[in-house]
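Per-entry structural report
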Amino acid sequence: MSTEQTHQTAWTPDSWRDRASEQAIAYTDDGAVRRACDKLASLPPLVTSWEIERLRTHLADAEQGKRFLLQGGDCAETLADCRSDVITNKLKILLQMSLVLVHGAKKPVIRLGRFAGQYAKPRSSPTDTREVNGQKVTLPSYFGDLINQSEFTPEAREPDPHLLVRGYQHAAVTLNFIRSLLEGGFADVHHPEYWDLSFVRGGGLSPERQAAYERVSASLAEALEFMEALGEARVDELTRVEFFTSHEGLNLLYESAQTRRVPRREGWYDLTTHLPWIGERTRALTGAHVEFFRGIANPVGIKMGPKADPGEIVELTRALNPGNEAGKLIFITRMGVANVEKSLPALLGAIADAGRRGLWVCDPMHGNGRTTSTGVKTRSFDDIVTELERTFDTHERLGVTRLGGVHFELTGEDVTECVGGASGVTEEALATNYASLCDPRLNYAQALELAFHVADRLKRVPG
Ligand code: PEP
Ligand code: MN
């Protein structure tokens, strides 16, 4: 069957089940899987179709350069980190970064968290072999808290279908808290006291950056007061802070169980999140993930690494967005600093030549992983900044596309997982507070510093 024929067959929320699935999970109890999926299907949705449609409208604006996208959060959320301080700090850092970006870009910023569902992780190997008491032991890899547990024991690593429901419940609790915080004025720019920097203990932000941040927030508050003095009402449309959620749509059991039709709208919505994305390892044209994602009305992200074949990516955009609609796709490139200039131009050229719509986003994290001499997974702040710079430059040099957003792995905590930045995390210091179960994240100070780099670069983007 050709690719085209493959995607002409009838779609249902379950049609992916006939396709080969990369990263498929070997559950052993089919009855328990069925019960978990039935339960998920009976529970209310986590997000609504009108929120999804609103995000699509914003993304369509961003494609035209009228908005900029900030997508960020953990590599892998954990059920244990579903705590008020962790959620509040993550929300704060994303809000603060967005404030810096609004100031630099002089346009509204779309805030898209990697949260309330970022619980499933693709792995390079399905198994994990370690030495335990002098014996080599092989167990299933840890696939994220939606699937199994990270401890290296046979019980913990056994995929557990009930975690699908537990993941949903934790996503719901996370979202409930975020919605209440935002509703309660947590993020209202009229209240700069909520935006201060004092919540980080020893965050290590340089005094210059701290002063620059305070200038940004004061000048925004002043601009709002000025506009309100001119008009009659509060500038609510400008100050109301919206937040959207996203996660890798890896476990199709979870995604399809919450996929449904809604009253008075066409199509099917995946209501676990506003924007699910397809990872670099699961975007095979004839695979289960593309089959599932081609049928939903949500905007969908596609990760693209240096090996992405431009012709195949064009085909992928045809499969996922047959109507070539604006606001439907985001193209998240994660080339690695050494590959951007080599691999990105052909991709940009192919999509532009084919006239395919979508928003270009740079993820400068996933192509820049490395392991230190003592075996610690890290990323360098300098590589991250340089990949971003080169990505902006490449879009500008080609002149047919525009970089419309950024995608980061970060946390509001004071972790030591990435090296570099003004706070100067060294390789030796990585052990101080390395908390990630998966990829290394930017800490609070590094994330805010990065926002300043992006804001400075956006000031130089030709109109
Ligand atoms: C991720 O975003 O955590 C991830 C695994 O990304 P990618 O699919 O780009 O490797
Ligand atoms: Mn990651």
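In short, a report on the structure. (Residues numbered from 1 in each chain as written. Chains lettered and ligands numbered in written order. Predicted model: local features only at pLDDT ≥ 70, side-chain atom pairs only at ≥ 80, totals over all residues. Heavy atoms only, no water.)

Glancing now at the packing of aromatic side chains. The tally for this structure, following the rule as stated, stands at 5 aromatic pairs. Measuring from ring centre to ring centre gives 5.9 Å for W11 and W268, while their planes differ by 65°; the resulting arrangement is edge-to-face. With W11 in the loop between α1 (3–6) and α2 (30–42) and W268 in strand β7 (residues 268–270), this pair connects stretches of sequence that are 257 residues apart. By relative accessible area, W268 is classed as partly exposed at 24%. For the ring pair F115 and F243, a centre distance of 5.6 Å and an interplane angle of 35° mean the geometry is tilted. One end of the pair, F115, is in the loop between β2 (109–114) and β3 (127–132); the other, F243, is in the loop between α8 (236–239) and β5 (244–248), with 128 residues separating them in the sequence. Both residues of the pair, F115 and F243, belong to the buried class. (Phe/Tyr/Trp six-rings, centres within 6.5 Å; stacked < 30°, edge-to-face > 60°. Helix = DSSP H or I, 4+ residues; strand = E, 2+ residues; numbered from the N terminus. Buried < 20%, exposed > 50% of the residue type's maximum accessible area, 1.4 Å probe, protein only.)

This paragraph deals with the sheet that holds β5. Read around the closed barrel, the 8 strands follow the order β1-β2-β5-β8-β9-β10-β11-β14; overall the barrel is parallel. For this sheet, the mean inter-axis angle between neighbouring strands, taken without regard to orientation, is 25°. With 6 bridges connecting them, strand β1 (residues 68–73) and β2 associate as parallel partners. Each residue of the ladder has a partner; that of L69, found in β2, is I110. Along the sheet, helix α4 (residues 84–105) makes contact with β1, β2 and β14 (403–409), crossing β1 at roughly 155°. (Pairing = 2+ DSSP bridges. Axes fitted to C-alpha atoms, helices over the stretch in contact; angles between N-to-C directions. Contact = heavy atoms within 4.5 Å.)

It is worth spelling out the coordination of the manganese ion (ligand 2) at this point. Within the first shell, the manganese ion (ligand 2) binds the protein through C75 (SG), H366 (NE2), E409 (OE) and D439 (OD), at distances of 2.1 to 2.5 Å. For the manganese ion (ligand 2), all donor residues lie on one chain, and their spacing in sequence is C-x290-H-x42-E-x29-D. In this pair, C75 sits in the loop between β1 and α4 while D439 sits in the loop between β14 and α14 (444–459), placing the two residues 364 residues apart along the sequence. Both residues of the pair, C75 and D439, belong to the buried class. (Donors = N, O, S within 2.8 Å, 3.2 Å for Na, K, Ca; no water.)

Keep in mind that these numbers describe shape and distance, not what the molecule does.
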